[in-house]
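The chain contents come next:
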Amino acid sequence: MDPVELTVEDAADWVYRGEGAANLVLGYRGSSPAFKGKVIRIQKVSAPGPEEAVRGPALSAHERLLWRDEEELGSASEDVAGRLYTLHVMMPLLGSRHVDAGTRVSVTRGFLESVEKSVLAQRPAWRVSASRVNTLCDSALLISDHSHTSGVFKEDLCISVEIKPKCGFLPCSEYIAEENSIKKSITRFKMHQVLKFHQGEVSQISDYDPLDLFSQSKERINKAIKALFANPQNNFRIFVNGSLVSGGHGGGINGSDGVQLTNFQELVSEAIFRSRILDKLLEAQKLDAFDIEGVIHAYYDIVSQPCMVCKKLGDANLSNRYSCIHSLPLEESLTIVRNYLVAATAKDCSVMISFRLKDGEDQAAGHGSIFLESTKQNFEYKASFIDLDMKPLKKMVYYYELDQKIVSFYTRTEKTKECLCNPMNNNEGTGNIQMQLEQN
Ligand SMILES: O=P(O)(O)O[C@@H]1[C@@H](OP(=O)(O)O)[C@H](OP(=O)(O)O)[C@H](O)[C@H](OP(=O)(O)O)[C@H]1OP(=O)(O)O
Ligand SMILES: Nc1ncnc2c1ncn2[C@@H]1O[C@H](COP(=O)(O)OP(=O)(O)OP(=O)(O)O)[C@@H](O)[C@H]1O
Ligand SMILES: [Zn+2]
C-alpha cells in the first residue's frame, strides 16, 4: 500500500467521475504527481442501512474454498480480495496490457465523508437512494484514469468511450431445458431488453447486438457501435477530457453533425477491430460452458444443500439429466462454479478506449495507432478493461431465477405476438398484447 494517506484536506482535489452498483469513482484535479492521471474507486453500501452492517463482508467460507488455489485470495481480507482477484484471476485471462489492478491507498473517514458530500449533487438520484459511500473503509483503490491518455500530442484533447459489451455468445449447453432452447438462438441481451422494457427499466428496446460487436467483422462492429450510439442505456458512454458528455441512461448521442458522428463511430469501430481486445474477453465469457441451468446443480453440492432445482423438477426422468452433475467429485463442482463466476465477471465488465490526435511518429508504450481514412488524421488509442470484480457465490440462486424469468418472459411475449399476428392461432381473436402477457 502507498504510504500516502488521503485525509479531509485532500477531498477537494477529487471530483465525481462515475459510479456503478457497487463503487464510486473519482477523478483527480490536484497537482500531486502520485495521483495525476489516476482515479480512486471507493466501495459503496446499500442505503439506508444500519451503521453496523456497513463494514464489507470478507469472503464466505464457501468462497474461500472456491478460490483457495488462487494465490493469497482464499485467505485475503475483503479490502484486498477485489484487487487480488483482478490481478491473479482476470488479468492472466485478459492480458496485462489491458488491465490495471491498481494499488490500495489509505483513506480516512473524514476524507470519505467529505467526498460523499461534495459529489452528492452530481450523482444520479436513483443511485443516491440505492447506495452511499462505505465510510468505514480504510482504503480505496487507485487505478489509471482510462479516460486520459499520455504521450506526445497535437492537441490536449482526449476523447474516450466506455462500452459494456455484455455476453457475446449463444450458449449451447446440453443442460439447457427443452422449453428454454430459445437461449441457443437469441442472445441473453436481447431477451433481457424485453423484460427490462416491460419493467420500465429502459424506455426503448436497444438494437445493439453483442454478437455483432464480438464478430471480428468490421461492418458488424460498426453496426453494433451505431446501435450503442442510438440507444446507449448503461452500455455506452463518451467522455471528453474525463467529463461525461454523452451516454448512460437517457437518449441517443447528439451534439455533433452527421459527418463527425460517422467518423467517430468509424474510429471507435476501428479501435475495437484492430485491438482485438474483445477476443480474450469472449474466451473468458465462454468459461461458462455448462450454462446456469447446469451450474446451479454443482452450486448446491458445494454449499451442501439439497438441490432446489431437482426438487422442483420432481419427475425422476428430468432430474436424472442432472444426476451426473450431482455425482461429480467436489473438485469438479468447484471448477464448474469457479468458471461460471469468472465468466460472469467477463460478461459484466466494461472496456474503456481513449483517443488522441497523434503528433508525428512518436507513440506511447502500450498504445495503438489508427489512420482514419475519412479525415486523413492519425489517432493514438489505448484500450483497457474496468470493473473486473469477483461475483459473490451467494448470487447463484439469483442468477438461476433471473435467467428463468428472462427466458420465460421472452418466450411468452413471442407466443403472444405470434397469436396476435395470426388470429387463426388466437382463440380469443381480440385483446391487446399487454393484457395477454399479464394473463400468461
Ligand atoms: O445480471 P445482469 O446481466 O443484469 O447484470 C447486472 C448489471 O445489469 P445490466 O443488465 O448490465 O444493466 C448491473 O448493472 P447496473 O447496476 O444495472 O448498471 C450490475 O453491473 C450487476 O453487477 P453487480 O451486482 O454490481 O456485481 C450485474 O449483475 P451480474 O449478473 O453481472 O452479477
Ligand atoms: N479506471 C477508470 N478510469 C476512468 N473512469 C473509470 C475508471 N474506472 C471506472 N470509471 C468510471 O466509473 C464508473 C463506475 O465504475 P465501475 O464500473 O468500476 O463501478 P461498479 O460499481 O463496480 O460497477 P457495476 O455496476 O458493474 O458493479 C464506470 O462506469 C466509469 O465510467
Ligand atoms: Zn440438481
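Residues numbered from 1 in each chain as written. Chains lettered and ligands numbered in written order. Predicted model: local features only at pLDDT ≥ 70, side-chain atom pairs only at ≥ 80, totals over all residues. Heavy atoms only, no water.

Colleague: It is not clear to me how the overall build of the protein should be interpreted in this structure. Could you clarify?
Modeller: Scanning the protein from terminus to terminus reveals 15 helices and 13 strands. Per-residue burial over the protein gives 48% buried out of 440 residues. A separation threshold of at least 6 residues defines the contact pool for the protein, and within that pool the share at least 24 residues apart is 70%. Accessible surface computed for the protein: about 21200 Å², of which carbon and sulfur atoms make up 52%. (Helix = DSSP H or I, 4+ residues; strand = E, 2+ residues; numbered from the N terminus. Buried < 20%, exposed > 50% of the residue type's maximum accessible area, 1.4 Å probe, protein only. Contact = heavy atoms within 4.5 Å. Areas by Shrake-Rupley, 256 points an atom, 1.4 Å probe, with all protein chains shown as cover.)

Colleague: Help me out: how do you make sense of the environment of Thr135 in this one?
Modeller: Residue placement: Thr135 occurs in the loop between β6 (131-133) and β7 (139-144). For the pair Thr135 and Asn422, spaced 287 residues apart in sequence, the C-alpha to C-alpha distance is 58 Å.

Colleague: I keep staring at the coordination of the zinc ion (ligand 3) and nothing clicks. Help me out?
Modeller: Under perfect tetrahedral coordination by four donors, a metal shows angles of 109.5 degrees; under perfect octahedral coordination by six donors, it shows angles of 90 or 180 degrees. Taken together, the protein ligands of the zinc ion (ligand 3) are His297 (ND1), Cys307 (SG), Cys310 (SG) and His326 (NE2), with distances of 2.0 to 2.3 Å. In this structure, the zinc ion (ligand 3) is surrounded by four donor atoms whose angles at the metal cover 101 to 116°, and the resulting shape is tetrahedral. In the primary sequence, the donor residues of the zinc ion (ligand 3) line up as H-x9-C-x2-C-x15-H. Of this pair, Cys307 sits in the loop between α10 (292-302) and α11 (308-313) while His326 sits in helix α12 (residues 316-326); the two residues are 19 residues apart in sequence, bridging distant segments of the chain. Residue classification places Cys307 among the buried positions, given a relative accessible area of 12%. Using a relative accessible area of 24% as the deciding quantity, one classes His326 as partly exposed. (Donors = N, O, S within 2.8 Å, 3.2 Å for Na, K, Ca; no water. Tetrahedral: all angles 85-135°; square planar, octahedral: opposite > 155°, others 65-115°.)

Colleague: When you look at empty space enclosed by the protein in this model, what are you seeing that I'm missing?
Modeller: To find the voids left in a structure, one rolls a probe of water-molecule size over its atoms. According to the stated counting rule, one finds two cavities of 30 Å³ or more in the structure shown. Put simply, the largest cavity is a space of about 60 Å³. Around the largest cavity, the lining residues are Leu213, Phe214, Gln216, Ile221, Ile272, Phe273, Arg276, Leu278 and Asp279. Where the lining of the largest cavity is concerned, the elements lending two or more residues are α8 (258-275) and α9 (277-285). Here the residues of the lining of the largest cavity are counted per class, giving six nonpolar, one polar and two charged. Space inside the second largest cavity adds up to approximately 30 Å³. Along the walls of the second largest cavity sit Ile163, Pro165, Leu213, Ile272, Ile277, Leu278, Val351 and Ile353, which together make up its complete lining. (1 Å grid on protein atoms, 1.4 Å probe; cavity = no way out; pocket = protein on both sides within 12 Å on 5 of 7 lines; lining within 4 Å. Points joined across faces, edges and corners; volume = space filled by probe spheres on them. Nonpolar A, V, L, I, M, F, W, Y, C, P; charged D, E, K, R; others polar.)

Colleague: Just to check I follow, could you spell out the site of ligand 1 for this structure?
Modeller: In the vicinity of ligand 1 lie 13 residues, with Lys166, Asp348, Lys391, Lys395 and Tyr399 positioned nearest. Take Arg188: an N or O atom from its side chain is 3.4 Å from an oxygen atom of ligand 1. Burial of ligand 1 by the protein amounts to 74% of the accessible area it has alone, namely 600 Å². Of all the secondary-structure elements, those providing two or more residues to the shell around ligand 1 are α5 (188-198) and α14 (396-421). Residue contributions to the shell around ligand 1 peak at three residues, all from α5. (Near = heavy atom within 4 Å. Polar contact = N/O pair within 3.5 Å; in protein donor to acceptor, adjacent residues only side chain to side chain.)

Colleague: Hey, could you run me through the pattern of salt bridges in this one?
Modeller: Pairing between side chains of opposite charge can happen when their charged atoms approach one another. On inspection of all chains with the given rule, the structure shows 21 salt bridges. Between Arg123 and Glu19 there is a salt bridge, with the nearest N and O atoms lying 2.8 Å from each other. Here the residue Arg123 occupies a position in the loop between α3 (109-119) and α4 (125-130), and Glu19 occupies one in strand β2 (residues 14-19), the gap between them amounting to 104 residues. The pair formed by Arg123 and Glu19 is uniform in burial state, with each residue classed as buried. Of the charged contacts, one joins Glu270 and Lys218 as a salt bridge, the two residues approaching to 3.5 Å between their closest N and O atoms. (Salt bridge = Lys/Arg side-chain N within 4 Å of Asp/Glu carboxyl O.)

Colleague: Which parts of the structure should I look at to understand the site of ligand 2?
Modeller: Surrounding ligand 2, one finds 21 residues, the nearest of these being Ala21, Asn23, Arg41, Glu162 and Asp387. In this structure, an oxygen atom belonging to ligand 2 sits 2.8 Å away from a main-chain N or O atom of Ala22. His146 places a polar main-chain atom, nitrogen or oxygen, 2.9 Å from a nitrogen atom of ligand 2. Isolated, ligand 2 exposes 620 Å² of accessible area, and the fraction of that covered by the protein chains is 93%. Those elements that place two or more of their residues in the shell around ligand 2 are β2, β3 (23-28), β4 (38-46) and β9 (236-240). When grouped by side-chain class, the residues that make up the shell around ligand 2 number seven nonpolar, six polar and eight charged.

Colleague: Help me understand the pairing of β9 in this model?
Modeller: Where a strand is regular, its side chains alternate between the two sheet faces. Judged by how many residues are buried, β9 sits mostly within the fold: four of five residues are covered. Where strand β8 (residues 159-163) and β9 come together, five bridges link them in antiparallel fashion. Bridge pairing in β9 links Glu162 to Arg237. Sheet topology places β9 next to strand β10 (residues 243-247); four bridges connect them, and they run antiparallel. If you follow Ile238 over to β10, its bridge partner there is Ser246. (Pairing = 2+ DSSP bridges.)

Colleague: Help me understand the nonpolar core in this model?
Modeller: Nonpolar side chains in soluble globular proteins tend to be buried together. If you look at the biggest cluster of nonpolar residues, it comprises 80 residues, and the most contacted ones within it are Trp67, Leu213, Phe355 and Met396. With eight residues, helix α13 (residues 330-348) is the largest single contributor of residues to this core. Aside from chain neighbours lying at most four places away, what touches Met396 is Ile292, Val295, Ile296, Tyr299, Tyr340 and Leu341. Trp14, Tyr16, Leu26 and Val133 belong to the second largest nonpolar core, which has 20 residues in total. (Core = buried A, V, L, I, M, F, W, Y, C linked by side-chain atoms within 4.5 Å.)

These figures capture arrangement, not role.
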